[in-house]
Amino acid sequence: MLTMISLFLGLGNIGKKYIATRHNLGFEVVDLAIKKTKAKPLPSEFFYQSFGAIIEDNKIVFAKPTTMMNGSGGAVIAILEKLELTPSEMLVVVDDFNIPLGSIRLRPNGSDGGHNGLESIITALGTEDFPRLRQGIGPLPEGEEVVDFVLGKFTKSEGKIAKKTIEMAAEAVIFAAGHRLEETMSKYNYNPV
């Protein structure tokens, strides 16, 4: 049986130029979950922001590293230490160009899949054993560089799909706060194709 999740960590890049880019879906999901649960700001360090809420009698924390994507690992270590949590008690919310736009894929562990934020966290923790919720933004268009694609903005039609996915992912995050990961995976894993 898997551990309950107490920390929900959204990955993204800080700064106006990154708002609404494909690579900031993790931030958008956590922001929406914070809004839906009326989470309150908690004392934070300069390298992350955190918010607390109680969901189904469970104290949970939403957090967003402010280190930029590639430096997420250091912030994660600091947050886990402050909250006295293990990696298995954290759910990391990210974008993924390897799965189709509109997909939601929850897993208890796994590789970084080419995601620099996940790579930073895996390297810092020395383990791949932490849950993650990946939202599809793919496929990567032929001939386009990964960095240009993930830091680009959605087209109008893609934006409509992304908005629905963000809503569903925020629901999954809130559900996961009061349920086992297996239940959350069964209810919210979604592939549109």
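(A) Expanded view of the overall build of the protein chain. For the protein chain, the helix and strand inventory stands at 6 helices and 7 strands. Put simply, the protein chain runs from its N terminus to its C terminus through helices and strands in the order β-α-β-β-β-α-β-β-α-β-α-α-α. The C-alpha atoms of the protein chain give a radius of gyration of 15 Å, which matches the 16 Å a tight globule of 193 residues would have. Considered along the principal axes of its C-alpha atoms, the protein chain spans approximately 45 × 35 × 30 Å. Looking at the protein chain as a whole, 49% of its 193 residues qualify as buried. Contacts spanning at least 24 positions in sequence make up 70% of the contacts within the protein chain whose residues lie at least 6 apart. Carbon and sulfur atoms make up 54% of the accessible area of the protein chain, which totals about 9300 Å².

(B) Seen up close, empty space enclosed by the protein. In the structure shown here, the tally under the stated rule is 1 cavity of 30 Å³ or more. If you add up the space inside the largest cavity, you get close to 40 Å³. As for the largest cavity, its lining consists of Val94, Asp95, Asp96, Phe97, Asn98, Asp112, Gly113, His115, Leu118 and Arg134. Here the element with the most residues in the lining of the largest cavity is strand S5 (residues 90-100); it accounts for 5 residues. Its residues assigned to classes, the lining of the largest cavity comprises 3 nonpolar, 3 polar and 4 charged.

(C) Representation of helix H5 (residues 156-176) in the model. Taking 1.5 Å of rise per residue, the 21 residues of H5 would be expected to cover 30 Å, and the 30 Å separating its terminal C-alpha atoms lies within 8% of that figure. All of the buried residues along H5 are Ala162, Thr165, Ile166, Ala169, Ala170, Ala172, Val173, Phe175 and Ala176.

(D) Molecular detail of the sheet that holds strand S7 (residues 132-138). Pairing in this open sheet of 7 strands is mixed, and the strands run S2-S3-S4-S1-S5-S7-S6 from one edge to the other. Looking along the sheet, the strands with just one partner apiece sit at the ends: strand S2 (40-41) and strand S6 (104-107). Both S2 and strand S3 (residues 48-55) contribute to a ladder of 2 bridges, which runs antiparallel. Its bridge partner being in S3, Lys40 is matched across the sheet by Gly52.

(E) Main features of the layout of surface pockets. Here the largest pocket defines a volume of roughly 210 Å³. Lining the largest pocket are 15 residues; nearest its centre among them are His23, Asn70, Asn116, Val147 and Val150. When residues of the lining of the largest pocket are traced back to their parent elements, those giving at least two are S5 and helix H4 (146-150). Considering each element in turn, the lining of the largest pocket owes the most residues, 3 residues, to H4. Partitioned by chemical class, the residues of the lining of the largest pocket number 8 nonpolar, 6 polar and 1 charged.

Calculation rules
- Residue numbers here run from 1 along each chain, matching the order of that chain's written sequence.
- Given that the model is predicted, a residue must reach a pLDDT of at least 70 before its local features are reported, and side-chain atom pairs must reach 80 or more before they are shown or counted; all residues, however, enter totals for whole chains, interfaces and linings.
- Based on all heavy atoms of the structure, the side-chain values leave hydrogens and waters out of the count.
- Secondary structure elements are taken from DSSP: a helix is a run of H or I of four residues or more, a strand is a run of E of two residues or more, and numbering for both begins at the N terminus.
- Between the two quantities, the radius of gyration covers C-alpha atoms and the globule rule is 2.2 Å times the number of residues to the power 0.38.
- Note on exposure labels: buried denotes an accessible area under 20% of the residue type's maximum, exposed denotes more than 50%, and partly exposed covers the range between, all computed with a 1.4 Å probe on protein chains only.
- We call two residues in contact whenever any of their non-hydrogen atoms come within 4.5 Å of each other.
- The protein chains shown are the only cover counted for residues, whose accessible areas, like all others here, come from Shrake-Rupley with a 1.4 Å probe.
- The rule is simple: put a 1 Å grid over the protein atoms alone, call a set of points where a 1.4 Å probe fits but cannot get out a cavity, call an open set with protein on both sides within 12 Å along at least five of seven lines a pocket, and count a residue as lining if it has an atom within 4 Å of a point.
- Grid points are joined across faces, edges and corners, and a volume is the space filled by probe spheres set on the points.
- Only Asp, Glu, Lys and Arg are considered charged, only Ala, Val, Leu, Ile, Met, Phe, Trp, Tyr, Cys and Pro nonpolar, and every remaining residue, Gly among them, polar.
- Multiplying one less than the number of residues by 1.5 Å gives the expected span of a helix.
- Two strands pair if DSSP finds at least two bridges between them.

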